[in-house]
Amino acid sequence: MPDDLAAPERAPSFPAPGGQLPQHWSKCFGCGDDQPAGMTMTFVAGEGLDVTGRLEVAKKYQGGPGVIHGGILTTAFDEAQGMACMSLGTAVVTGHLEVDFARPIPLGSVLEIHARIDGTVRRKVYTSAEARIVSGPTADPDAVVATSRALFLTVGAEHFEKVKNFVDGTPSSPFETSSV
Ligand SMILES: CCCCC/C=C\C/C=C\C/C=C\C/C=C\CCCC(=O)SCCNC(=O)CCNC(=O)[C@H](O)C(C)(C)COP(=O)(O)OP(=O)(O)OC[C@H]1O[C@@H](n2cnc3c(N)ncnc32)[C@H](O)[C@@H]1OP(=O)(O)O
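Remember, predicted model here, so these are calculated numbers, not experimental data.

Asks: I'm lost on the overall build of the chain in this one. Help?
Replies: Along the backbone of the chain there are two helices and six strands. Going residue by residue from the N terminus, the α and β elements of the chain occur as β-β-α-β-β-β-β-α. Here the C-alpha atoms of the chain give a radius of gyration of 16 Å, agreeing with the 16 Å that 2.2 N^0.38 yields for 180 residues. Overall size of the chain, expressed as C-alpha extent along the three principal axes, is 45 × 40 × 30 Å. Sequence separation of at least 24 residues holds for 65% of the intrachain contacts in the chain that already meet a minimum separation of 6.

What follows is the structure, encoded as structure tokens:
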């Protein structure tokens, strides 16, 4: 984490604390409602540059016997930290993401992931997050079962212009990138 982190302003477009965030892209595997294979994560805004996300750990997310696949948990952390970046009001993409898996997460759990922006340096957005099991066989809202850090880069619409021909259907996005 760099020493010269700036503390960005919360964008006026970001929902009030406790408000539901819109999906950032309706075809998104993490949060989209137009993605049949997706994880349909939902998010509420925190008090600052933070969000709390929810993931139901379905049987199809199995990796090891009876537990969540590590890649699925990594995706959930990517989505949650990306959604925290919505508090900036600009589009971002993930540049780097790391995860520590601290406890097994059984199928049937409901995970809450709290994610935040720790600060920015130019286009770089540093984030962190932790996951807790709030419902299910080993639920303990005080126990952190996994943590993550990530680096996002703010991007303009031209970033998605290059790949627009690969989009299926007519998705929607609050970032006006729905033309991609
Ligand atoms: C797929 C997303 C769909 C989006 C839909 C529409 C809108 C979304 C809007 C907002 C998002 C809201 C919610 C998001 C929710 C979920 C998150 C999912 C997000 C993803 O799942 S998204 C898919 C995976 N993601 C990619 O597909 C990126 C591929 N990649 C690239 O497109 C480039 O790689 C890029 C753009 C990352 C950088 O390229 P670039 O040319 O713009 O920037 P450049 O290289 O100049 O670096 C500038 C400064 O960043 C430092 N830097 C760069 N990379 C670094 C790294 N890895 N580690 C450490 N430092 C790094 C440099 O060192 C320099 O630092 P310094 O300023 O100090 O010199």
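Asks: Quick question: what am I supposed to make of the sheet that holds strand S1 (residues 42-45) here?
Replies: Backbone hydrogen bonds hold the strands of a sheet together, and the pairing may be parallel or antiparallel. Spatial ordering of the open sheet is given by S1-S2-S4-S5-S6-S3, a layout of six strands whose pairing is antiparallel. Pairing within the sheet leaves two strands with one partner each, and these edge strands are S1 and strand S3 (92-101). For this sheet, the mean angle separating the axes of adjacent strands, direction not counted, is 25°. Across eleven bridges, strand S4 (residues 110-121) lies against strand S5 (residues 124-135) in antiparallel orientation. For Leu-111, the partnering residue across the bridge sits in S5 and is Ile-133.

Asks: Any chance you could explain the site of the ligand here in plain terms?
Replies: The environment of the ligand is formed by 24 residues, the closest being His-24, Trp-25, Gly-82, Ala-91 and Gly-95. Taken together, the elements giving at least two residues each to the shell around the ligand come down to helix H1 (70-84), S3 and strand S6 (144-154). When residues in the shell around the ligand are grouped by element, the largest group, five residues, is from S3. Along the lines of polarity and charge, the residues of the shell around the ligand split into eleven nonpolar, eight polar and five charged.

Asks: Hey, could you run me through the UniProt feature "domain: Thioesterase" (unreviewed entry) in the chain in this one?
Replies: Per the UniProt entry, the sites bearing "domain: Thioesterase" (unreviewed entry) are residues 66-133 in this numbering. The distance from the first to the last C-alpha atom of residues 66-133 is 15 Å, and the span holds 22% helix and 47% strand.

Asks: Got a minute to help me understand the nonpolar core in this structure?
Replies: One broad rule of soluble globular proteins: the nonpolar side chains tend to lie buried together. In terms of nonpolar packing, the biggest core is built from 39 residues, with Ala-76, Ala-80 and Ile-113 touching the most fellow members. Secondary structure elements with two or more residues in this core: S1, strand S2 (50-56), H1, S4, S5 and S6. No other element matches the six residues that H1 contributes to this core. Among all residues touching Ala-76, those that are not within four sequence positions of it are Met-39, Met-41, Leu-55, Leu-111 and Ile-113.

Asks: Got a minute to help me understand the pairing of S4 in this structure?
Replies: Two elements, S2 and S4, share seven bridges in a ladder whose sense is antiparallel. Residue pairing across strands places Asp-50 opposite Arg-116, the latter belonging to S4.

Asks: When you look at H1 in this model, what are you seeing that I'm missing?
Replies: Because the α-helix completes a turn every 3.6 residues, residues three or four places apart line up on one side. Given a rise of 1.5 Å per residue, 15 residues ought to cover 21 Å, and the 21 Å separating the end C-alpha atoms of H1 matches this to within 8%. Within the span of H1, buried status applies to Leu-73, Ala-76, Phe-77, Asp-78, Glu-79, Ala-80, Gln-81, Gly-82, Met-83 and Ala-84. For H1, the elements touching its buried residues are S1, S2, S3, S4, S5 and S6.

Rules behind the numbers
Residues numbered from 1 in each chain as written. Predicted model: local features only at pLDDT ≥ 70, side-chain atom pairs only at ≥ 80, totals over all residues. Helix = DSSP H or I, 4+ residues; strand = E, 2+ residues; numbered from the N terminus. Rg over C-alpha atoms; globule rule 2.2 N^0.38 Å. Contact = placed C-beta atoms within 7 Å. Pairing = 2+ DSSP bridges. Axes fitted to C-alpha atoms, helices over the stretch in contact; angles between N-to-C directions. Near = placed C-beta within 6 Å. Nonpolar A, V, L, I, M, F, W, Y, C, P; charged D, E, K, R; others polar. UniProt positions renumbered as here; feature names shortened; annotations may be inferred. Core = buried A, V, L, I, M, F, W, Y, C linked by C-beta atoms within 7 Å. Buried ≥ 20, exposed ≤ 12 C-beta atoms within 10 Å, placed from the backbone. Expected span 1.5 Å × (residues − 1).

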